[in-house]
Number of protein chains: 2
Amino acid sequence: MSNVRALSCTRCDYQEAPASTEYNCPRCGGVREVLFDYEVIRAHFGKETLAADRRWDVRRYLPLLPIPEGAPLTPLRVGGTPVYQAPRLAQKAGVARVWVKDEGGQPTGSFKDRASFVGVARAAHQGQKIVAAASTGNAATSLAGLAASLGLLPYIFVPATAPEAKVAQLLAYGAKVFAIEADYDTTYDLCQQAVAHFGWYNRSAAVNPYLVEGKKTCGLEIGEELGQDPPDWVSMSVGDGCSLAGTYKGLVEMFQLGLLQKIPKMLAVQAAGAAPLTRAFDAHTEEVERLEAQTIADSINVGMPRNPLKALRAVRASGGRFVNVSDDAILAAIPEVARATGVFGEPAAVTAWAGVHAAVEAGILGKNDSVLVVSTGTGLKDVKAARRATQASPTLAPTMDAVIKRVESL
Amino acid sequence: MSNVRALSCTRCDYQEAPASTEYNCPRCGGVREVLFDYEVIRAHFGKETLAADRRWDVRRYLPLLPIPEGAPLTPLRVGGTPVYQAPRLAQKAGVARVWVKDEGGQPTGSFKDRASFVGVARAAHQGQKIVAAASTGNAATSLAGLAASLGLLPYIFVPATAPEAKVAQLLAYGAKVFAIEADYDTTYDLCQQAVAHFGWYNRSAAVNPYLVEGKKTCGLEIGEELGQDPPDWVSMSVGDGCSLAGTYKGLVEMFQLGLLQKIPKMLAVQAAGAAPLTRAFDAHTEEVERLEAQTIADSINVGMPRNPLKALRAVRASGGRFVNVSDDAILAAIPEVARATGVFGEPAAVTAWAGVHAAVEAGILGKNDSVLVVSTGTGLKDVKAARRATQASPTLAPTMDAVIKRVESL
């Protein structure tokens, strides 16, 4: 018996059984939401099943995921990422408690593996050999790695100007790369056309509603681990909005299932140079205007978010807020988090921490508040940013005198 | 009651209680070995304690580690890395079974975190604030990250020519970097002098015998996970030799404790351009000659291994072998492993897989053999190597015609 009850359009509210298409609303083209049958889920999932389950990864939550029974699963260990208490960060921001959830140890180094976990399982179950995406970032890398693990073929569309290093990683996983002589938007649209033409499986979280369900495992994990002592807030950086929306959905489900005592408020953090959702949120609208985006945090460098409704509604429903942070604040957060916790995050990852400072300054967070920061990707993804965030060391002559002088200067 | 019985010199066999010094033999200066009291260990560790233990990281093995009770432990999740079956790799090499143990998800992205786990715990327990190392590679990054997590100060000595990107990571963790205008050997010696002068804690696995004990957790994990169905061989790349020696010690201990049915043979893999240990092994000697080392696998680019005895003896005792692989074979192994498993390794990591091919060619491994490959670090540490290992894609005009042509050519 399937745990999925229906797909519901976030734009026109049209609901149907998950049958006619995997992707957008057949009536209005809007992004859809997966609705579950929690009666079915409760029969297979709860405190007792979790206590007995020794799989410390997203497979713990299979009863809550839209993956048909018998679907091939990646052998890679997705999820089960650690949550660290960070008292030194709490002190720096002047809040009561801070936790950092480090996604850097995921198989391909980022949060996006949660979505790809569901995507490749569904593709393989449907007998699809080719899975496609348009991206130069973590989503493409993640799809390529997880597809390889299941013997699927990743077809990735990138602008021809994409950094060679990022493309090299895709090629290492065996991706067929389509380097398009155009900008990202044109590349994205061409990928959608090709997907329709060839019938490939589509890994775009703005088209394929099942991917957000993979992302919700982050919220499920927070709910399980901190269920008895939940944070007041969960802070995440926001680009398209899917990751935050997914995490929020997981928190809500754990609350509804009685495993999480209260639903944290969502602190949605955008880079000041790429903040169309903050603007829409503050204007109390769901109409999002396209902006020219420009931020060092490339994973959230999004001017026209392709999934705005879910993120805006999640933050509103949680009683949360959007805040913006400057690129300088993002850069400063890289060493601040690394020094206080040992977690080295990429710019978009530490943006969530920079947002805590911004929220304290704005009076949104106070000294009695606790906050969990989701660090969404490893700093190894963008070492150049770390270089910009730190100061070079003086060079020393190879003598003890020089060493002693340097020590005295520290 | 301490689980450590004595320190024994690998060169002159002098034994003493662990008292006079933490480091090398006070008689001859040789590298020492930590000897344990397995009676004490058996009282606190075995099948039952493991079954009840829900910590899926190296803390499961604390009774087997030289960490005094009450010592501060890093909150970072070290170890507990996944082991994946890799049938497509087995088929490629013509062996019966292959497993890949992926160390890329460690807190700083490499195997070295296992050693640093022990090092920073001992340093903190002794009230040391400063921990020192000479390295530009994974050992330094690992020390810096784990030291930061405990509020210790990492002092790292690097040649002034070290790549800025690697140094940036150290700086992000708050390391005080000593950029010495000299080559690596001079830098290393100056670090040792400074450690002696200032009394800093020494994280050199060639001086501090406790670090190898952290590395043995890799063998303990293999022993626990595959104890009933162990591989015939464990393959690892070798530079200084400490990581292989540590892993072997862990396997032996799990066998002695009755948790592992047989001890695998060690397949020690060196890059052909940096293979002084293979030469010594094949010449049946423990005398190692310094070579000019030159390999793309920077983590094992070692011409004068500083801990040769432990590695040579481990391979001999296991009934194993040394093999060499070319840089071309190392580069080819990056996409081969990534495509067949989804595990993206750095050059020194996939060297262990390239060695399986070499061992099959040499008749060391046959079609009935099974082998576990330890992939010691994430490919994100050296994306340049991945770029050299893959071919650039053609660029395409932004039209469906161009896309269709490219698809037809695949």
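Residues numbered from 1 in each chain as written. Chains lettered and ligands numbered in written order. Predicted model: local features only at pLDDT ≥ 70, side-chain atom pairs only at ≥ 80, totals over all residues.

S.K.: How should the overall build of chain A be read in this particular structure?
M.R.: Of regular secondary structure, chain A possesses 15 helices and 14 strands. Radius of gyration (C-alpha) of chain A: 21 Å, near the 22 Å computed for a compact globule of 410 residues. Relative to its full complement of 410 residues, chain A shows a buried share of 60%. Look at the contacts in chain A between residues 6 or more apart in sequence, and 72% of them connect residues 24 or more apart. (Helix = DSSP H or I, 4+ residues; strand = E, 2+ residues; numbered from the N terminus. Rg over C-alpha atoms; globule rule 2.2 N^0.38 Å. Buried ≥ 20, exposed ≤ 12 C-beta atoms within 10 Å, placed from the backbone. Contact = placed C-beta atoms within 7 Å.)

S.K.: Sorry, what's going on with the packing of helix H8 (residues 210-225) of chain B against helix H9 (residues 242-256) of chain B here?
M.R.: Geometrically, a packed helix pair is captured by the angle between its two axes and the distance between the axes. Residue and element names in this part refer to chain B. With their axes 6 Å apart at the nearest point, H8 and H9 run at an angle of 50° to one another. Looking at the two axes, H8 sits oblique to H9. As for how H8 packs across H9, the hand of that crossing is right-handed. The residues of H9 that touch H8, namely those facing Leu211, Val212, Lys215, Lys216, Thr217, Cys218, Gly219, Leu220, Ile222, Gly223 and Glu224, are Cys242, Ser243, Ala245, Gly246, Thr247, Tyr248, Lys249, Gly250, Leu251, Glu253 and Met254. (Axes fitted to C-alpha atoms, helices over the stretch in contact; angles between N-to-C directions. Parallel < 35°, antiparallel > 145°, perpendicular 65-115°, else oblique. Left-handed = near helix turned anticlockwise from the far one by under 90°.)

S.K.: Is there a simple way to explain the pairing of strand S1 (residues 4-9) of chain A in this structure?
M.R.: Two faces, one strand: in a regular strand the side chains alternate between the faces of the sheet. Residue and element names in this part refer to chain A. Two strands pair when backbone bridges link them, and S1 and strand S3 (residues 32-36) are joined in this way by five bridges, in the antiparallel orientation. For valine 4, the partnering residue across the bridge sits in S3 and is phenylalanine 36. The sheet contact formed by S1 and strand S2 (residues 15-16) spans two bridges and is antiparallel. Note that in S2 the partner of leucine 7 across the bridge is glutamate 16. Between the end of S1 and the start of S2, which pair antiparallel, lie five residues, with aspartate 13 showing a positive phi angle near 70°. (Pairing = 2+ DSSP bridges.)

S.K.: Honestly, the sheet that holds strand S12 (residues 321-325) of chain B in this entry has me stumped. Any pointers?
M.R.: Either a parallel or an antiparallel arrangement is found when strands of a sheet pair, and the pairing is made through backbone hydrogen bonds. Residue and element names in this part refer to chain B. Taking strand neighbours across the sheet as the criterion, the six strands line up as S4-S5-S13-S10-S11-S12 in an open arrangement whose pairing is mixed. Since the sheet does not close on itself, it has two edges, and those belong to strand S4 (83-85) and S12, each with one partner. Averaged over all adjacent pairs, the angle separating strand axes in this sheet is 25°, with direction ignored.

S.K.: Would you mind showing me how to read the domain arrangement of chain A here?
M.R.: One frequent convention defines the size of an interface as the accessible area lost when the parts assemble. Residues and elements named next belong to chain A. Partitioning chain A into structural domains gives domain 1 (83-110 + 210-389) and domain 2 (129-199). Each of domain 1 and domain 2 has a C-alpha centre, and the two are 26 Å apart. Counting from both sides, the interface comprises six residues of domain 1 and, opposite them, five residues of domain 2. In the side of domain 1 that touches domain 2, the residues fall into one nonpolar, four polar and one charged. (Domains from an automatic or database assignment. Nonpolar A, V, L, I, M, F, W, Y, C, P; charged D, E, K, R; others polar.)

S.K.: Explanation requested: the relation of the copies chain A and chain B in the structure shown.
M.R.: One chain copy maps onto the other through a rotation about an axis and a shift parallel to that axis. Each copy superposes on the other: chain A lies on chain B with an RMSD of 0.0 Å after a rotation of 180° and an axial shift of 0.0 Å. The transformation relating the two chain copies, once decomposed into turn and shift, fits a two-fold axis. Residue Gly105(A), judged by its C-alpha, is the member of chain A lying nearest the rotation axis, at 2.0 Å. An overlap of 100% is found between the interface residues of chain A and their copies at the interface of chain B, pointing to a shared contact surface. (Least-squares fit on C-alpha atoms with pLDDT ≥ 70 in both.)

S.K.: What's the story with the interface of chain A and chain B in this structure? I'm lost.
M.R.: With 64 residues of chain A in contact, the opposing surface of chain B contributes 64 residues. For the side of chain A that touches chain B, the residue count by class is 38 nonpolar, 18 polar and eight charged. Pairing analysis gives two bridges linking strand S8 (residues 176-180) of chain A to strand S14 (residues 395-396) of chain B, with the strands arranged parallel. By the bridge assignment, Ile180(A) is partnered in S14(B) with Leu396(B).

S.K.: Sorry, what's going on with the packing of helix H4 (residues 113-125) of chain A against helix H8 (residues 210-225) of chain A here?
M.R.: Residue and element names in this part refer to chain A. Interhelical geometry of H4 versus H8 gives an angle of 135° and a closest axis separation of 6 Å. As the angle between them shows, H4 and H8 are arranged oblique. Taken as a pair, H4 and H8 cross one another with a handedness that is right-handed. On H8, the residues touching Arg114, Ala115, Phe117, Val118, Gly119 and Arg122 of H4 are Tyr210, Leu211, Glu213, Gly214, Lys215, Thr217 and Cys218. Within the contact of H4 with H8, the residues separate by chemical class into six nonpolar, three polar and four charged.

S.K.: Would you take a moment to explain helix H5 (residues 138-149) of chain B for this structure?
M.R.: In an α-helix there are 3.6 residues to a turn, and that puts residues three or four apart on one side. Along its twelve residues, H5(B) runs 16 Å from first to last C-alpha, staying within 8% of the 16 Å computed at 1.5 Å per residue. Among the twelve residues that make up H5(B), twelve are buried, leaving the element largely enclosed by the rest of the structure. As for H5(B), its buried residues are in contact with helix H12 (327-341) of chain A together with helix H4 (113-125), strand S6 (130-134), strand S7 (153-159) and helix H6 (164-172) of chain B. Directly after H5(B), the chain includes Gly151(B), whose backbone phi takes a positive value near 75°. (Expected span 1.5 Å × (residues − 1).)

S.K.: I'm lost on the pairing of strand S11 (residues 265-271) of chain A in this one. Help?
M.R.: Residue and element names in this part refer to chain A. The buried fraction of S11 is high, at seven of seven residues. Along S11, one buried face is formed by Lys265, Leu267, Val269 and Ala271 and the opposite face, lined by Met266, Ala268 and Gln270, is buried too. In the sheet, strand S10 (residues 233-237) pairs with S11 via five bridges, with the strands oriented parallel. Following the sheet pairing, tryptophan 233 is matched in S11 by lysine 265. Note: S11 against strand S12 (residues 321-325), five bridges, orientation parallel.

S.K.: Honestly, the environment of Leu152(A) in this entry has me stumped. Any pointers?
M.R.: All names here are of chain A. By secondary structure assignment, the location of leucine 152 is in the loop between helix H5 (138-149) and strand S7 (153-159). In the structure, leucine 152 is positioned 51 residues away from arginine 203 in sequence and 13 Å away in space, judged by C-alpha atoms. Excluding residues within four positions of it along the chain, leucine 152 makes contact with Val120, Ala123, Ala124, Lys129, Val131 and Ala147.

S.K.: Would you explain the sheet that holds strand S3 (residues 32-36) of chain B in this entry?
M.R.: Spatially, S2-S1-S3 (chain B) is the arrangement adopted by the three strands of the open sheet, whose pairing is antiparallel. Two strands in the sheet have a free side with no partner beyond their single neighbour: strand S2 (15-16) and S3 of chain B.

S.K.: Help me out: how do you make sense of the confidence of the model for chain A in this one?
M.R.: Detailed reading of predicted coordinates is not advised where the pLDDT is low. Within chain A, residue pLDDT values average 95, and 100% of them lie at 70 or more. Interface confidence for the predicted complex, given as ipTM, is 0.96, next to a pTM of 0.97. (pLDDT = per-residue confidence, 0-100.)

S.K.: How should the environment of Val325(B) be read in this particular structure?
M.R.: Of note, Val325(B) is situated in strand S12. For the pair Val325(B) and Val356(B), spaced 31 residues apart in sequence, the C-alpha separation works out to 9.6 Å.

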